[in-house]
Amino acid sequence: MLAATAISQSATDPLSGLVLREVPKPKAKPGWALVRVVASSLNMHDLWTLRGVGHPADRLPVVLGCDAAGYDENGDAVIVHPVLADADAGRGDETLDPNRALLSEQHDGAFAEYLRVPARNLVPKPDWLSFEEAACLPVAWTTAYRMLFTQAGITAGDRVLVQGAGGGVASAAIKLAVAAGAVVYATSRSEGKRAEALTWGARAAVAPRERLPERVDVVIETVGEATWSHSLKSLRPGGTVVVAGATSGMSPSADLARVFYHQLRILGSTGCTRSELVAMLRMLEATGVRPVIDRTLPLTDIHKGFQLMIDGALTGKLVLNHMKETP
Ligand SMILES: NC(=O)c1ccc[n+]([C@@H]2O[C@H](COP(=O)([O-])OP(=O)(O)OC[C@H]3O[C@@H](n4cnc5c(N)ncnc54)[C@H](OP(=O)(O)O)[C@@H]3O)[C@@H](O)[C@H]2O)c1
């Protein structure tokens, strides 16, 4: 079968290690399910692997891809929950299992014709969601959902700042927070993406580091170094910043005086639970909110897709189409 595989890593030329090639179809395994992938989507996580960040070289080659929707062996449409973990080891929360892994970390991932995952990782795909939309949800959308509702515990009327509006996680956070009745502010480097954020319901969208009309209760932070200081300055006393990523750099200077004097809360967030994915599906059905899809490309155009991501040219998710939507 055809698969997009990471064969080497480079910090400066990550796409040099990405090859589309024939690999053996995964074999059946007790307790595991085989999924014929219809659609997948790109995540920064795939680029980190290609850059050699967070993925040891001795785990190469590996088929990349964390997000997938397709058909299981019974011909039922499914979404793949991407966290492979033991909920018991995480005291009821599988994201806290010290041995948890995201798809493509310890097992081959989604950028292939077939994908093998533990059977519990399959979630039925509702009919009201297309395969392309479903393929956007498992990583970026559930991360945004967990940051807003599980970690920050936002309620209607809260003021929420989302940094880097054009991102997969950020676009999801804006739409989910608006749907929950929050007053949402966003930042983006691009005027076009700021305008887009307003169409998703953001009250205002400003350039990075620009002062907001008011201080906020919660900041959703995935940009890192480039926005961290602005995130802390934008919080009201007692406010919360939830951080799940650091695309622009991992080592911002820490203004500890601001943190303790204003009694700020800094919360980390990683992945999501299967039950959060299921709950988020109910929310999308109830609210009509759907993912922002920048474009859909065939799997064979995956290098082009990643180049657009590297260039910061995407708004929302880039989806890959693997096949026709017939079982
Ligand atoms: N912890 C988790 O479970 C988890 C899950 C998903 C993602 N993540 C992490 O979260 C981050 C975002 O992931 P994603 O998939 O949403 O990536 P993405 O779609 O590529 O979005 C990244 C966004 O960050 C903003 N950005 C990038 N560089 C910037 C800079 N120098 N200055 C200001 N803004 C900048 C851009 O927004 P604008 O173009 O609008 O300015 C861009 O759209 C990644 O680091 C990823 O690894 C973590």
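Residues numbered from 1 in each chain as written. Predicted model: local features only at pLDDT ≥ 70, side-chain atom pairs only at ≥ 80, totals over all residues. Heavy atoms only, no water.

Participant: Would you take a moment to explain the nonpolar core for this structure?
Facilitator: Side chains that are nonpolar tend, in soluble globular proteins, to be buried together. With 49 residues, the main nonpolar core has Trp141, Ile174, Leu176 and Ile220 as its most contacted residues. A domain split of this core shows at least three residues from each of domain 1 (2-136 + 291-321) and domain 2 (141-268). Beyond its immediate chain neighbours, meaning those up to four positions away, isoleucine 174 contacts Val162, Ala165, Val184, Ala186, Ala197, Trp200 and Ala202. If you look at the next biggest cluster of nonpolar residues, it comprises 20 residues, including Leu42, Leu64, Leu314 and Leu320. (Core = buried A, V, L, I, M, F, W, Y, C linked by side-chain atoms within 4.5 Å. Buried < 20%, exposed > 50% of the residue type's maximum accessible area, 1.4 Å probe, protein only. Domains from an automatic or database assignment. Contact = heavy atoms within 4.5 Å.)

Participant: Could you clarify how one ought to interpret a nonpolar patch on the surface in this entry?
Facilitator: Together, Leu256, Phe260 and Tyr261 give the surface a local cluster of nonpolar side chains, amounting to about 430 Å² of exposed area. The class of leucine 256 is exposed, set by a relative accessible area of 57%. (Patch = residues over 30% accessible without salt bridge, like charges linked within 9 Å, V, L, I, M, F, W, Y side chains within 5 Å. Areas by Shrake-Rupley, 256 points an atom, 1.4 Å probe, with all protein chains shown as cover. Salt bridge = Lys/Arg side-chain N within 4 Å of Asp/Glu carboxyl O.)

Participant: I'm lost on helix 1 (residues 44-51) in this one. Help?
Facilitator: In an α-helix, one turn spans 3.6 residues, which is why side chains three or four residues apart end up on the same side. All of the buried residues along helix 1 are His45, Asp46, Leu47, Thr49 and Leu50. In this fold, the buried residues of helix 1 make contact with strand 1 (2-6), strand 2 (18-22), strand 3 (32-41), strand 8 (101-102) and helix 9 (302-310). (Helix = DSSP H or I, 4+ residues; strand = E, 2+ residues; numbered from the N terminus.)

Participant: Mind showing me how you'd approach the domain arrangement of the protein here?
Facilitator: Think of interface size as the accessible area that goes away when the parts come together; that is how it is often given. When the domains of the protein are assigned, the result is domain 1 (2-136 + 291-321) and domain 2 (141-268). For domain 1 and domain 2, the distance between their C-alpha centroids amounts to 26 Å. At the interface, 13 residues of domain 1 touch 13 residues of domain 2. In this assembly, domain 1 packs against domain 2 so that about 990 Å² is buried in total across both faces, 59% of it on carbon and sulfur atoms. If you look at where domain 1 meets domain 2, you find 1 salt bridge. (Buried area = accessible area lost by both parts, 1.4 Å probe.)

Participant: Can you help me understand the layout of surface pockets in this one?
Facilitator: Empty space left among the atoms is revealed by rolling a probe the size of a water molecule over them. Of the pockets and cavities examined, the second largest pocket occupies roughly 260 Å³. Along the walls of the second largest pocket sit Arg209, Arg211, Leu212, Pro213, Glu214, Arg215, Ser229, His230, Lys233, Ser234 and Arg258, which together make up its complete lining. If one sorts the elements of the lining of the second largest pocket by residue count, helix 6 (residues 228-234) sits on top with 4 residues. When grouped by side-chain class, the residues that make up the lining of the second largest pocket number 2 nonpolar, 3 polar and 6 charged. (1 Å grid on protein atoms, 1.4 Å probe; cavity = no way out; pocket = protein on both sides within 12 Å on 5 of 7 lines; lining within 4 Å. Points joined across faces, edges and corners; volume = space filled by probe spheres on them. Nonpolar A, V, L, I, M, F, W, Y, C, P; charged D, E, K, R; others polar.)

Participant: Is there a simple way to think about the site of the ligand in this case?
Facilitator: Taken together, 25 residues lie around the ligand, and Trp48, Gly168, Ser188, Ala244 and Gly271 are the ones closest in. Contact between the ligand and threonine 247: an oxygen atom at 2.9 Å from a side-chain N or O atom of the residue. Serine 269 is positioned such that a nitrogen or oxygen atom in its backbone is 3.1 Å from a nitrogen atom of the ligand. Protein chains bury 85% of the 900 Å² of accessible surface belonging to the ligand in isolation. When contributions to the shell around the ligand are tallied by element, the ones reaching two or more residues are helix 1, helix 3 (137-151) and helix 4 (168-179). Here the shell around the ligand is built from residues that sort into 10 nonpolar, 13 polar and 2 charged. Three or more residues apiece are contributed to the shell around the ligand by two domains, here domain 1 (2-136 + 291-321) and domain 2 (141-268). (Near = heavy atom within 4 Å. Polar contact = N/O pair within 3.5 Å; in protein donor to acceptor, adjacent residues only side chain to side chain.)

Participant: Any chance you could explain the sheet that holds strand 4 (residues 62-63) here in plain terms?
Facilitator: Across a sheet, strands are paired by hydrogen bonds formed along the backbone, either parallel or antiparallel in direction. Taken in spatial order, the 3 strands make up an open sheet running 2-1-4, and their pairing is antiparallel. The outermost strands of the open sheet, each flanked by one partner alone, are strand 2 and strand 4. As judged from the 2 bridges shared by strand 1 and strand 4, these two strands associate in the antiparallel manner. Residue pairing for strand 4: threonine 5 is matched across the bridge by valine 63. (Pairing = 2+ DSSP bridges.)

Participant: I tried to follow unusual backbone geometry on my own but got confused; where do I start?
Facilitator: In most cases, non-glycine residues show a negative phi, while peptide bonds are predominantly trans. A cis amide bond links leucine 60 with the next residue in sequence, proline 61, at an omega value of -5 degrees. In this structure, glutamine 263 is a non-glycine residue whose phi angle is positive, near 50 degrees. Among the structural elements, glutamine 263 can be located in the loop between helix 7 (256-261) and strand 16 (265-268).

Participant: In this structure, what is going on with helix 8 (residues 274-287)? I would like to understand it.
Facilitator: An ideal rise of 1.5 Å per residue puts 20 Å on 14 residues; helix 8 measures up with 20 Å between its terminal C-alpha atoms. For helix 8, the full list of buried residues reads Glu276, Leu277, Ala279, Met280, Leu281, Met283 and Leu284. Contacts from the buried residues of helix 8 go to strand 6 (77-80), strand 10 (122-124), helix 3 and helix 4. The first or second residue beyond helix 8 is glycine 288, which carries a positive phi of 80 degrees. (Expected span 1.5 Å × (residues − 1).)

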